[in-house]
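# Structural overview for review
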Amino acid sequence: MSKKLDRVKAQLEDERDEIKRLAEVTKEDRKPVELDQAQVGRLSRMDAMQVQEMALEQERRREIELQKIEAALIRIEEGEYGYCTRCGEVIWPKRLNFDPATPLCVDCAGS
Ligand SMILES: [Zn+2]
């Protein structure tokens, strides 16, 4: 494996670990809202639900990013990293620098 690819791999693994860490520390926020109506007003219940909704949305985005990263790591292992998964063309290095986990070349991403 080339040094550059090694670096990309390390970077992707770092990102993956960070996403997993964030998923762990935000667990509480995503729990179903169970508030005692008698103790908290309607408004704070809505607040709590909004917080949960946001936390769930962030988690969904993290899941998608995580899958993207895992897929990129597999492509590195299989020697297919840097090639568009749709058309097979080489992905511009600039694009990969910007988003190392991207599976598509600029043409395929844009269509
Ligand atoms: Zn493509």
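Here's a quick rundown of the structure. (Residues numbered from 1 in each chain as written. Predicted model: local features only at pLDDT ≥ 70, side-chain atom pairs only at ≥ 80, totals over all residues.)

This brings us to the overall build of the chain. The helix and strand tally for the chain stands at five helices and zero strands. Ordered by position in the sequence, the α and β elements of the chain form the string α-α-α-α-α. Here the C-alpha atoms of the chain give a radius of gyration of 19 Å, more than 25% beyond the 13 Å that 2.2 N^0.38 yields for 111 residues. Its C-alpha atoms put the chain at 60 × 30 × 20 Å along the principal axes. (Helix = DSSP H or I, 4+ residues; strand = E, 2+ residues; numbered from the N terminus. Rg over C-alpha atoms; globule rule 2.2 N^0.38 Å.)

Attention now moves to the environment of L22. Relative to the assigned elements, L22 resides in helix 1 (residues 3-25). Considered as a pair, L22 and R62 are 40 residues apart in the sequence and their alpha carbons are 8.7 Å apart.

Further remarks concern helix 3 (residues 42-77). Helix length check: helix 3 (36 residues) gives 52 Å between terminal C-alpha atoms against 52 Å at 1.5 Å per residue, within 8%. Two residues or fewer after helix 3 comes G79, characterised by a positive phi angle close to 75°. (Expected span 1.5 Å × (residues − 1).)

So, about the nonpolar core. When a protein is soluble and globular, its nonpolar side chains tend to lie buried together. Formed by V8, L12, I69, A72, Y81 and A101, the largest nonpolar core amounts to six residues. Of all the secondary-structure elements, those providing two or more residues to this core are helix 1 and helix 3. Setting aside residues no more than four positions away along its own chain, A101 makes contact with L12, K68, I69 and A72. (Core = buried A, V, L, I, M, F, W, Y, C linked by C-beta atoms within 7 Å. Buried ≥ 20, exposed ≤ 12 C-beta atoms within 10 Å, placed from the backbone. Contact = placed C-beta atoms within 7 Å.)

Its place among the elements puts D6 in helix 1. Given 11 C-beta atoms within 10 Å, D6 falls into the exposed group.

Further remarks concern helix 1. For helix 1, built from 23 residues, the straight-helix expectation of 33 Å at 1.5 Å per residue is met to within 8% by its first-to-last C-alpha distance of 33 Å. Counting buried residues along helix 1, only two of its 23 residues qualify, which leaves the element largely exposed.

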